Amino acid sequence: MKQDEILQIAEEQNNNLAAIDNSNTVKRELWSQLPVIRTHALVISGIRRCGKSTLMQQFMQENFKDFFFLNFEDIRLYNFETKDLILLNNVINNSGKRSLFFDEIQIVEGWEMFVRQKLDEGFQVSITGSNAQMLSAELGTKLTGRHITKELYPFSYQEFIKYKKIKSDENSFSEYCTVGGFPEYIQTGIDEILEALIDDIIHRDISTRYGVKDIVPLKRLCSYILSNSGTLVSPTKLTQVIGVKAPSTILNYFNYFETSYFVAMMPKFDWSLKAQMLAPKKMYVIDPGFIQIGSTNFSENRGHILETIIYWELRRKYKELYYFNQNNCECDFLVRDKSKVVQAFQVCWEINSDNEEREVRGVAEAMLQFNLDKGIIITANQKDTIRYEDFFIDVVPAYEFLG
């Protein structure tokens, strides 16, 4: 590339950015956690189209009068290579701007050394990325102690009702279960938007990035994931379904989907790390909208959708989440803080005579095992308090819990 080309692209992008009015857009819950700092790089990571660029724009425009911005997914930067970072460095230094914002810079090999150099020179640097592994792994080796990472997800339920300007109740939560939290899809309701996003993840974030030439198994696994959110994963049983020979290939594919933020894998709780690693994991799709437009399971899967929504709400708040299975009792979520389990949550669309004993025993057993004073069962719209032996368990509607 030529230096003048990079300069022209950057100027056009910055002019376009300046013309965008973000004053009426929803302030994300993550907003208050973004620090204005020069000693560390600020990293915002998350799935494609979840609002990272808009969040960065809001952050830039509100906190910095003068900044340099460059989006590396611009088609004109398709041939940008490591050696072109020298030209970019010249453009930045000639601009006189000290605050740098880069969108998807991780697609350029050697980006981490460039960011480290600019930090050492006293620049303020913020970047976004849509691949969890690349960001965490590369930053850990090249920017040790010099980065602050924040994860952004599609709209939470609270962000959804704020964006829609509707109240928190059973009806709005039912809508959220169907629509999900991707801003563009909420605004338009066009299914093709989510279908194209899934296609981008398979082709650009997985096939191209990891060199997977045969995408048919990837699409089969994607369909399986969308139809089975909230269930246990057994790679060995999936080889014939997906059409691959080795369970290790299935594990690799799951890892690719997870690093693209399409799905998350939650481990079983066990004090033994080895036993925890060997136990099957539960998987959760990033957004209920994906499930509704991509699932091949035509039976009602409301319970799994509710469980998926609760998982991502808990993940926004807590670092360590597990499922519990012991003494023939299951509890959907345990929250661990350091060496102690501090909370237990059960999720059930509706408590009735058929499932009450099972659901209540599951959370009660977790409370007993970890000496917890409080347990919660989250439902679609029920509210109650249940006494089970010596335990009192609160039953709360999802829209209240998420509020």
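Read on for a plain summary of the structure. (Residues numbered from 1 in each chain as written. Predicted model: local features only at pLDDT ≥ 70, side-chain atom pairs only at ≥ 80, totals over all residues. Heavy atoms only, no water.)

Observations regarding the overall build of the protein chain
A count of helices and strands for the protein chain gives 17 helices and 13 strands. For the protein chain, the C-alpha atoms occupy an extent of roughly 75 × 50 × 45 Å along the three principal directions. For the protein chain, the proportion of contacts with a sequence separation of at least 24, taken over those separated by at least 6, is 67%. Summed over all atoms, the accessible surface of the protein chain reaches about 19500 Å², with 47% contributed by carbon and sulfur. (Helix = DSSP H or I, 4+ residues; strand = E, 2+ residues; numbered from the N terminus. Contact = heavy atoms within 4.5 Å. Areas by Shrake-Rupley, 256 points an atom, 1.4 Å probe, with all protein chains shown as cover.)

Concerning the pattern of salt bridges
Throughout the structure, instances matching the rule amount to 23 salt bridges. A salt bridge links Lys-83 to Glu-81; its shortest N-O distance comes to 3.9 Å. The partner of Arg-116 in a salt bridge is Asp-120, with the nearest N and O atoms 3.4 Å apart. One end of the pair is Arg-116 and the other is Asp-120, both in helix 4 (residues 111-120) and four residues apart, which spans about a single turn. Look at Asp-120 and you get exposed, because its relative accessible area is 54%. Ionic contacts of the salt-bridge type, sharing partners, join the residues Arg-48, Glu-73, Asp-200, Arg-204 and Asp-205 into one network. (Salt bridge = Lys/Arg side-chain N within 4 Å of Asp/Glu carboxyl O. Buried < 20%, exposed > 50% of the residue type's maximum accessible area, 1.4 Å probe, protein only.)

A look at the sheet that holds strand 13 (residues 391-397)
The six strands lie next to each other as 8-9-10-11-13-12, forming an open sheet whose pairing is mixed. Of all the strands in the sheet, just strand 8 (320-326) and strand 12 (384-388) have a single pairing partner and so form its edges. Each adjacent strand pair in this sheet contributes to an overall mean axis angle of 30°, direction not counted. Sheet topology note: the strand 12/strand 13 ladder contains five bridges and is antiparallel. In the strand pairing of strand 13, Asp-384 is matched with Val-395. With respect to the sheet, helix 15 (residues 302-317) is in contact with strand 8, strand 9 (329-337), strand 10 (340-347) and strand 11 (375-379), its orientation differing from that of strand 9 by roughly 15°. Along the sheet, helix 16 (residues 356-370) contacts strand 8, strand 9, strand 10, strand 11, strand 12 and strand 13; its crossing angle with strand 9, the most-contacted strand, is approximately 35°. (Pairing = 2+ DSSP bridges. Axes fitted to C-alpha atoms, helices over the stretch in contact; angles between N-to-C directions.)

A short note on the sheet that holds strand 4 (residues 124-129)
In space, the five strands of this open sheet follow the order 2-3-4-1-5, with parallel pairing throughout. Looking along the sheet, the strands with just one partner apiece sit at the ends: strand 2 (68-71) and strand 5 (147-151). When the angles between neighbouring strand axes are averaged without regard to direction, this sheet yields 15°. Strand direction decides the pairing type here: strand 1 (residues 41-45) and strand 5, joined by five bridges, are parallel. Pairing of Ile-44 across the sheet is with Lys-150, part of strand 5. Its contacts with the sheet place helix 2 (residues 52-63) against strand 1, strand 2, strand 3 (99-103) and strand 4, and it is angled at close to 165° to strand 4.

Focus on the environment of Tyr-261
Relative to the helices and strands, Tyr-261 is located in the loop between helix 12 (247-259) and strand 6 (263-266). Judged by relative accessible area, Tyr-261 falls into the buried class, the value being 3%. Here the alpha-carbon distance between Tyr-261 and Asn-131, two residues 130 residues apart in the chain, equals 7.1 Å. Setting aside chain neighbours within four positions, we find Tyr-261 in contact with Ser-45, Gly-46, Ile-47, Ser-130, Asn-131, Ala-132, Glu-151, Ile-286 and Arg-315. Within the local environment of Tyr-261, its side chain forms a polar contact with the side chain of Ser-45, the two groups lying 2.7 Å apart. In terms of polar contacts, Tyr-261 uses its side chain to reach the side chain of Glu-151, at 3.0 Å. (Polar contact = N/O pair within 3.5 Å; in protein donor to acceptor, adjacent residues only side chain to side chain.)

Focus: the nonpolar core
Counting residues in hydrophobic clusters, the biggest one holds 84 residues, and the most contacted among them are Phe-173, Phe-257, Phe-262 and Phe-290. By residue number, the principal contributor to this core is helix 15, which donates seven residues. Counting 27 residues, the second-largest nonpolar core is a separate cluster that includes Leu-70, Phe-72, Leu-100 and Phe-123. (Core = buried A, V, L, I, M, F, W, Y, C linked by side-chain atoms within 4.5 Å.)

Observations concerning the environment of Cys-348
Counting through the fold element by element, Cys-348 comes out in the loop between strand 10 and helix 16. Those residues in contact with Cys-348 that sit more than four places away from it in its chain are Leu-306, Asn-355, Glu-359, Ile-378, Thr-379 and Ala-380.

Some words on the environment of Asn-71
If you trace the backbone, Asn-71 turns up in strand 2. Take Asn-71: its relative accessible area is 22%, and that puts it in the partly exposed class. Those residues in contact with Asn-71, other than ones at most four positions away along the chain, are Gln-13, Leu-77 and Asp-103.

A closer look at the side chain of Arg-48
Secondary-structure assignment places Arg-48 in the loop between strand 1 and helix 2. Side chain to side chain, Arg-48 and Glu-73 meet in a polar contact 3.2 Å long. Within polar-contact distance, the side chain of Arg-48 engages the side chain of Asp-205 at 2.9 Å. For Arg-48, the residues in contact, after removing those within four places along its chain, are Glu-73, Ser-130, Phe-182, Leu-197, Asp-200, Arg-204 and Asp-205.

A short note on helix 2
Spanning twelve residues, helix 2 covers 16 Å between terminal C-alpha atoms, matching the ideal 16 Å at 1.5 Å per step. Looking at the packing, one finds that the buried side of helix 2 touches helix 1 (3-18), strand 1, strand 2, strand 3 and strand 4. (Expected span 1.5 Å × (residues − 1).)

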